[in-house]
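# Structural characterization, general
Each chain, written out:
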Amino acid sequence: MLIALPICFSACVKDECKQKYTLTYYVPVYLTKDEVKANIKSTAPRQVKNPGKIYLRDQYLFLNEVDRGIHIIDNSNPSHPKNIAFINIPGNMDIAVKGNILYADLYSDLLAIDISNPQQIKLKTYIDNVFPYRNYGAGAPAITGGKIIADWIKKDTSYTGSCDRRILEDRFFSGSPIFFAASSSSPLSSISPIGVGGSMARFSIVNDHMYTVSSNTLDVFNISTPENPVKGSKVNLNWGIETIYPFGKNLFIGSNTGMFIYDISNPEVPKSVGQFSHVRSCDPVIADNDYAYVTLRTGTQCNGSINQLDVIRLNNLTDARLLKSYPMSSPHGLAKDGDLLFICDGKSGVKIYNAAFEDNIKLLKHIEFFDAYDVITYNKIALIIGKDGLYQYSYANPFNIKLLSKIEVK
Amino acid sequence: MFLPLFCLGQPKGKGKAGFHSIIGGGAMIGESKTKAFFQYSGGLEYDRYFTGIGVGYDAYRLNTIPVFADWRMNFGPHRVLFVYANVGASFAANIQKEEKTDYSRGFSRGGLYTDGGFGYRLPLGHSQRLSLSVGHSFKSITNVHEFSYGSVLPGRTTSTNAYRYNYSRIVVKTGWEFGK
C-alpha cells in the first residue's frame, strides 16, 4: 500500500479554485425630450423604493425617488400621511419649493412646476443644461441628441472560470454596455412661502433666490417670478461640495474638506466670508445664530477615518473655530430645534441631544433605526428618512418621543 | 463536545458499546503546501466499529473548522488495523471575518469535508492506543465578495465574485485513542 502512495500522490492532491462572477447592471432607455416633458405630470401614487431628499411645504411632503421623480404625500395628519401622487422626473435628485412652485432637477436641466393642485401639477418652465455636471446617467450620457434617459432595463449575466481576476477586470474594461452609477451623495433636501429641507440638500431657497451647489460651484437663480427662474451668477468653489444650508444672511456650504460660509447680503452675488477646514470626510452642516454643527463621517466617497460631530463657534465668521468634537458612529443628516439636536447616526439610529450647552451636549434619547440619513424638524415633529422608510416622531415631550407614522420603503 | 472525556475509566462489559475518544493530528500534504491539522472525535465503539462525531482545525491554505461524522472499522489480528471515513462540512475558522461596508460584503460559505483512509493501532494499555494512519482528505469552501455601485439607479449595479476552493490532500495522521 505504501508503494502505491507516491503513485496516488500526484492524482490525489490538487488545489483548485473556481470563480463564478455574476453581474447585475442596467442599460438605459432613451425617450425624446418632448416625450419626457409630456410625462411630467401627476400620476397615480407609487410605492417608495429608493427614497432621496425630502422637502416639506405646508401639509405636503415631497419625497424624491432617486433618479425617478417625486412622491407627493399629504401630511395633513402626520399620524396618517397619504401618498397621493407621483411626478415622473427622470434623473431627479434635488427639490425645493417656493409658494406653489416646485423646483426640481432633471439631470442637467431645471424644472419649475406649478403644484397648486398637487394631483394636477403643471410644468411651467424647463431650462436646459443649467447643471451640466449632472449630465450623466450612471456612466451613460443622460441627455444626448435630444434624448433623455427615462428608464433602465435590468440585465443579469454571469461567467464561470478558473479563479482569475481578469474575468472581472475584462468585463469592467472591455467596453461592454455596463453602466455604473456615478456615486452620489446620499439622499435628502431644504423651508414659508418657502418650505423646509434637510441638511443634505443641494438646493436651497432664501427669499427670491435659489442657491444650488454642484461638486465645485455655487449657482444663483433669481426666482422673484417663481415660475420663471433666471440663472444668475456662479461662484467657483473647491471640489468636494456636498450640501448647502441657509441661515440668516449666510449660506453654510458643506464640503468634504471643510465648511464654507458665504454672505448673501447681496443675494445675487454670494461673498465668501469664512471657512472651517477639517479632515477629508462627508460633512452635512446646519447652523444657528452662534454655532454651526458639522457631522463628519467616513465613507466610500468621502474617504477620511473619523466619525464625529464638530461644533463650530461662529461669533467671528472670518475666524470660525472648533468648540468641541463629539464621537459618533456614522453621522449623516442633522437638524436642530431649540436646544434639541437630532443626528442621524447611520446604522446606530437617531440620536437626540440636549444642546443647551454646546460644549457639553448630552444624549437625551436614542431611537434605534435602520440606517437613518436625514431629518427635518417641524411643529415638534421629526421627519426622519431611512433606508426602510419615512418616519415621523412627535417630540412634544422630548422625554417621551412617540412614533406617529411610517411610510414603508419596498 | 468534550463530554466524552469525562467518560474515561467507566467500566464497560465485554460486547457492550462504550464511549470512545480519539484525539488526532498530523499533516495535510497537498499540491502546494504541507500544513498541520488536529481533530477530536467522540462516539460509541461497539465490537469492531466506532461511530461518532468530530471537530477539528484544518490550516491547509484556508483556515477551516471541519465538523464531521466519524466512522471506522477495526480488523486484522487483534484488530490492530482499521479503515476510517469522515464526512461533514468545512466552515471558515474566523466567523468574525465577514466584512461589510455600504458598498461591499465579504463572507464565506461552508462546503464539503471528507477524509478516508486506513491505519494501524498500537496498544498502549489501560484501554489506550496510539494510531497511525494514511488517507485522503477533501475540503471545499467558498469565499463570496459582493459589490454594489452608486445609488442613482433604480437599483444598484451589483457584482458578485464567488471563489470556490477545492483542496484534495494526502493525510498522515497520528492519534491517541482512549475510552474502551
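Parameters and conventions
Residues numbered from 1 in each chain as written. Chains lettered and ligands numbered in written order. Predicted model: local features only at pLDDT ≥ 70, side-chain atom pairs only at ≥ 80, totals over all residues. Heavy atoms only, no water. Helix = DSSP H or I, 4+ residues; strand = E, 2+ residues; numbered from the N terminus. Buried < 20%, exposed > 50% of the residue type's maximum accessible area, 1.4 Å probe, protein only. Polar contact = N/O pair within 3.5 Å; in protein donor to acceptor, adjacent residues only side chain to side chain. Contact = heavy atoms within 4.5 Å. Pairing = 2+ DSSP bridges. Patch = residues over 30% accessible without salt bridge, like charges linked within 9 Å, V, L, I, M, F, W, Y side chains within 5 Å. Areas by Shrake-Rupley, 256 points an atom, 1.4 Å probe, with all protein chains shown as cover. Salt bridge = Lys/Arg side-chain N within 4 Å of Asp/Glu carboxyl O. Phe/Tyr/Trp six-rings, centres within 6.5 Å; stacked < 30°, edge-to-face > 60°. Lys NZ or Arg CZ within 6 Å of the ring centre and 35° of its normal. pLDDT = per-residue confidence, 0-100. Core = buried A, V, L, I, M, F, W, Y, C linked by side-chain atoms within 4.5 Å. Axes fitted to C-alpha atoms, helices over the stretch in contact; angles between N-to-C directions.

## Here's the deal with the side chain of Asp 109 of chain A
Residues and elements named next belong to chain A. With respect to the helices and strands, Asp 109 occurs in strand β9 (residues 109-114). On the basis of relative accessibility, which here comes to 1%, the residue Asp 109 falls in the buried class. At 2.7 Å, the side chain of Asp 109 and the side chain of Tyr 126 are in polar contact. There is a polar contact of 2.6 Å between the side chain of Asp 109 and the backbone nitrogen of Asn 129. With residues up to four places along the chain from it excluded, the contact list for Asp 109 reads Lys 33, Ala 104, Tyr 126, Ile 127, Asp 128, Asn 129, Val 130, Phe 131 and Ile 143.

## Describing the environment of Gln 128 of chain B
Residues and elements named next belong to chain B. Mapped onto the elements of the fold, Gln 128 is located in strand β9 (residues 128-149). By relative accessible area, which is 25% here, Gln 128 ends up partly exposed. Sequence separation between Gln 128 and Trp 176 is 48 residues; the distance between their C-alpha atoms is 7.1 Å. Sequence-distant contacts of Gln 128, that is, excluding residues within four places in its chain, are made with Leu 122, Pro 123, Trp 176, Glu 177 and Phe 178.

## Comments concerning the sheet that holds strand β4 (residues 60-65) of chain A
Residues and elements named next belong to chain A. Read across the sheet, 6 strands follow the order β2-β6-β5-β4-β3-β13 without closing on themselves; strand pairing throughout is antiparallel. Looking along the sheet, the strands with just one partner apiece sit at the ends: β2 (42-43) and β13 (196-197). Bridge count for β2 against strand β6 (residues 82-88) is 2 bridges, and the pairing is antiparallel. Across the sheet, residue Thr 43 finds its bridge partner in β6, namely Phe 86.

## Concerning a nonpolar patch on the surface
All names here are of chain B. Taken together, the side chains of Ile 23, Leu 81, Tyr 120, Leu 122, Leu 124, Leu 130 and Trp 176 present a nonpolar region at the surface, about 580 Å² in accessible area. Looking at the nonpolar patch element by element, the count peaks at 3 residues for strand β8 (residues 111-125). Note that Leu 81 resides in strand β5 (residues 81-92). Residue classification places Leu 81 among the partly exposed positions, given a relative accessible area of 31%.

## So, the packing of aromatic side chains
Summed over all chains, the structure comprises 13 aromatic pairs over all chains. Ring geometry for Tyr 60 of chain B against Tyr 167 of chain B: centres 5.4 Å apart, planes inclined by 75 degrees, an arrangement best described as edge-to-face. Taken together, the positions of Tyr 60 of chain B in the loop between β3 (49-58) and β4 (64-75) and Tyr 167 of chain B in strand β10 (residues 157-178) put the pair 107 residues apart, joining distant regions of the chain. Assigned by exposure class, Tyr 60 of chain B and Tyr 167 of chain B land together as buried. The ring of Tyr 126 of chain A is capped by Lys 37 of chain A, whose NZ or CZ atom sits 4.6 Å from the centre of that ring.

## Things to note about the confidence of the model for chain A
On average, residues of chain A score 84 in pLDDT, and 86% of them are at 70 or above. For the stretch residues 165-192 of chain A, pLDDT sits under 50, and the model shows 96 contacts to residues farther than four places along the chain or on other chains.

## Description of the pairing of strand β3 (residues 51-57) of chain A
Residues and elements named next belong to chain A. With 7 of 7 residues buried, β3 is to be regarded as a mostly interior element. In terms of strand pairing, β3 meets β13 through 2 bridges, oriented antiparallel. Directly across from Leu 56, in β13, lies its bridge partner Val 196.

## With respect to the nonpolar core
Ranked by size, the top nonpolar core spans 41 residues in total, and within it Ile 40, Phe 62, Ile 89, Leu 106, Leu 110 and Met 210 of chain A carry the most contacts. The greatest single-element share of this core, amounting to 5 residues, is contributed by strand β8 (residues 101-106) of chain A.

## Some details on the sheet that holds strand β29 (residues 362-367) of chain A
Residue and element names in this part refer to chain A. With antiparallel pairing, the 4 strands of this open sheet are ordered in space as β26-β27-β28-β29. At either margin of the open sheet sits one strand with a lone partner, and together these are β26 (334-337) and β29. Between one strand axis and the next, the sheet turns through 20 degrees on average, direction left out of account. In this structure, strand β27 (residues 340-344) lies alongside strand β28 (residues 350-354), joined through 5 bridges in antiparallel fashion.

## Some points on the pattern of salt bridges
For the structure shown, the criterion picks out 27 salt bridges over all chains. Residue Arg 134 of chain A pairs with Asp 105 of chain A through a salt bridge whose shortest N-O separation is 2.7 Å. Placement of the pair is Arg 134 of chain A in the loop between β10 (122-127) and β11 (143-144) and Asp 105 of chain A in strand β8, with a sequence separation of 29 residues. Judged by relative accessible area, which is 2%, Asp 105 of chain A ranks as buried. Arg 121 of chain B is the partner of Glu 177 of chain B in a salt bridge, and the nearest nitrogen-oxygen pair spans 2.9 Å. Placement of the pair is Glu 177 of chain B in strand β10 and Arg 121 of chain B in strand β8, with a sequence separation of 56 residues. The two residues Glu 177 of chain B and Arg 121 of chain B agree in class, both being buried.

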